[in-house]
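Observations on the model geometry
Listed below, chain by chain, are the residues.
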Amino acid sequence: NGANILVISDKEFDKDKAPIPSLLATGAVHHHLIREKTRTRTGLIVESGDAREVHHVALLLGYGASAVCPYVAFDSIDEFVKNEYFGLSKEMTSEEVRNSYIEACDKGILKVMSKMGISTVASYCGAQIFEIVGLGDEVINKCFTGTISRLGGVEIEVLAEEVKLRHDLAFSQNPGEQAHRTLEYGGEYQWRREGEVHLFNPETVFRLQHSTREG
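All of these numbers come straight from a predicted model, not from anything done at the bench. (Residues numbered from 1 in each chain as written. Predicted model: local features only at pLDDT ≥ 70, side-chain atom pairs only at ≥ 80, totals over all residues. Heavy atoms only, no water.)

Points about the sheet that holds strand 1 (residues 5–9)
Selection rule: If DSSP finds at least two bridges between two strands, the strands pair. Secondary structure follows DSSP: runs of H or I at least 4 residues long count as helices, runs of E at least 2 residues long count as strands, and numbering of each begins at the N terminus. Only the stretch in contact is used when a helix axis is fitted, and all axes are lines through C-alpha atoms; the angle between N-to-C directions ranges over 0 to 180 degrees.
Ordered in space as 1-2-3, the three strands form an open sheet in which the pairing is parallel. Both outer strands of the open sheet, strand 1 and strand 3 (67–69), are each paired with one neighbouring strand and no more. The mean angle between the axes of side-by-side strands here comes to 20 degrees, regardless of whether they run parallel or antiparallel. Two elements, strand 2 (residues 43–47) and strand 3, share three bridges in a ladder whose sense is parallel. Within strand 3, the position partnered with Val 46 by the bridge is Val 68.

Structure (structure tokens):
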């Protein structure tokens, strides 16, 4: 209808509506606009709760986003400052810490771009310089058209089930179940209790040490 800036947001969720992962939504809109031959006349701004780190933002830019607002990361920073988590002092303001986070993301994205020989964000935006691991053809054709995937993988139904599991956790039938919890760390890089499974975890380390001592 003549709009030249589209905002893709996952904020409008409630107990009956779960948000589509922002990268899927961005890729799908990006490729729809390409097919409609209107992509060059449109800017995409992504308001995302699931973008937290450099790789997440780099992917969103690489699949068409012109700008990203990681609002959950910002809200988390405000909470960290308020409660002085991670050694933050009372002298630091939320704005200062947010700016530090943005600067870190900027530097990280520049590093990713420079490894590909790209020097401007305009050249990186929508370039899709990635290889997919673990997604099936249906997802790729709809959201990431043209991206290389050598292994195949899960389809929309599996991704939808993962979204439903997270949504059910957020809107639990037993409200007291989550009352004592903060945001989960996930444990993708470092072992965390109830997080991702790691090859080296406290149990395997203990067993290795025990077997070494006992011969």
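With respect to the pairing of strand 4 (residues 131–135)
Regular strands show a simple pattern: their side chains alternate between the two faces of the sheet. Threshold: Handedness is read with the strands pointing away from the viewer; a crossover is right-handed when the path from the first strand over the helix to the second is clockwise.
Here strand 4 pairs with strand 5 (residues 148–154) via four bridges, running parallel. Across the sheet, residue Ile 132 finds its bridge partner in strand 5, namely Ser 149. The handedness of the strand 4 to strand 5 crossover, carried by helix 6 (residues 137–143), is right-handed.

Some remarks on the nonpolar core
Our working definition: What is meant by a nonpolar core is a set of buried Ala, Val, Leu, Ile, Met, Phe, Trp, Tyr and Cys residues, joined one to another through side-chain atoms within 4.5 Å. Burial here depends on accessible area, computed with a 1.4 Å probe over protein chains only, as a share of the maximum for the residue type. Under 20% is buried, over 50% is exposed, and the range in between is partly exposed. Any two residues whose heavy atoms approach within 4.5 Å at even a single point are treated as in contact.
Counting 18 residues, the largest nonpolar core has Leu 24, Tyr 124, Leu 135, Val 139 and Phe 144 as its most contacted members. Sorting the residues of this core by element identifies helix 2 (54–62), helix 4 (94–115), strand 4 and helix 6 as the ones contributing at least two each. Among the elements that take part in this core, helix 2 stands out by supplying four residues, more than any other. In this view, Phe 144 contacts Leu 23, Leu 24, His 31, Tyr 63, Gln 128, Ile 132, Leu 135 and Val 139; residues no more than four positions away in its chain are not counted. Core analysis: the second largest hydrophobic core is formed by eight residues, Ala 73, Ile 77, Tyr 101 and Cys 105 among them.

Thoughts on the packing of helix 2 against helix 4
In plain terms, the rule: Here the angle decides the label: under 35 degrees means roughly parallel, over 145 means roughly antiparallel, 65 to 115 means roughly perpendicular, and every other value means oblique. Definitions for this section: a left-handed crossing has its near helix turned counterclockwise from the far helix by less than a right angle. A right-handed crossing has that turn clockwise. Residue polarity follows a fixed list, in which Ala, Val, Leu, Ile, Met, Phe, Trp, Tyr, Cys and Pro are nonpolar, Asp, Glu, Lys and Arg are charged, and the others, Gly among them, are polar.
The geometry of helix 2 relative to helix 4 is characterised by a closest axis approach of 9 Å and an angle of 60 degrees between their N-to-C directions. Here helix 4 runs oblique to helix 2, going by the angle between their axes. The two elements helix 2 and helix 4 meet at a crossing, and its hand is right-handed. The segment helix 2 lies against helix 4, with Val 54, Val 57 and Leu 61 engaging Ala 104, Cys 105, Gly 108, Ile 109 and Val 112. Among the residues making up the contact of helix 2 with helix 4, the classes are represented as seven nonpolar, one polar and no charged.

A word on the pattern of salt bridges
We count it as follows: For salt bridges, the criterion is a side-chain nitrogen of Lys or Arg within 4 Å of an Asp or Glu carboxyl oxygen.
All chains considered together, the criterion is met by eight salt bridges. Between Asp 16 and Lys 15 there is a salt bridge whose closest N-O contact spans 3.6 Å. Just as Asp 16 is exposed, Lys 15 falls in that class too. Linking Glu 131 and Arg 150 is a salt bridge whose minimum nitrogen-to-oxygen distance equals 2.8 Å. With Glu 131 in strand 4 and Arg 150 in strand 5, the pair connects residues that are 19 residues apart, well separated along the chain.

Quick notes on unusual backbone geometry
A positive phi is found at Lys 37, a non-glycine position, where the angle reads about 60 degrees. As for its placement among the helices and strands, Lys 37 is situated in the loop between helix 1 (22–35) and strand 2. With a phi close to 55 degrees, Gln 128 is a non-glycine residue in the positive phi region. Following the sequence through the fold, Gln 128 ends up in the loop between helix 5 (121–124) and strand 4. Of the residues examined, Gln 128 reaches a relative accessible area of 14% and is grouped as buried.

Digging into the side chain of Arg 39
Worth spelling out the cut-off: When charges are tallied, Lys and Arg are placed among the positive residues and Asp and Glu among the negative ones, while His and the ends of the chain are skipped. Under this definition, polar contacts are N or O atom pairs within 3.5 Å; protein pairs additionally need one hydrogen-donor-capable and one acceptor-capable atom, and for neighbouring residues in sequence, both atoms have to be side-chain atoms.
Structurally, Arg 39 is set in the loop between helix 1 and strand 2. This buried residue, Arg 39, is left without a salt bridge; Glu 36 holds the nearest opposite charge, at 13 Å. Of note is the side chain of Arg 39, whose polar atom sits 2.5 Å from the backbone oxygen of Thr 42. Reaching out from Arg 39, the side chain makes a polar contact with the backbone oxygen of Gly 64 at a distance of 2.6 Å.

A short note on the side chain of Asn 201
Within the fold, Asn 201 resides in the loop between helix 7 (156–170) and helix 8 (202–214). Look at Asn 201 and you get buried, because its relative accessible area is 17%. At 3.0 Å, the side chain of Asn 201 forms a polar contact with the backbone oxygen of His 198. A distance of 3.0 Å separates the side chain of Asn 201 from the backbone nitrogen of Glu 203, its partner in a polar contact.

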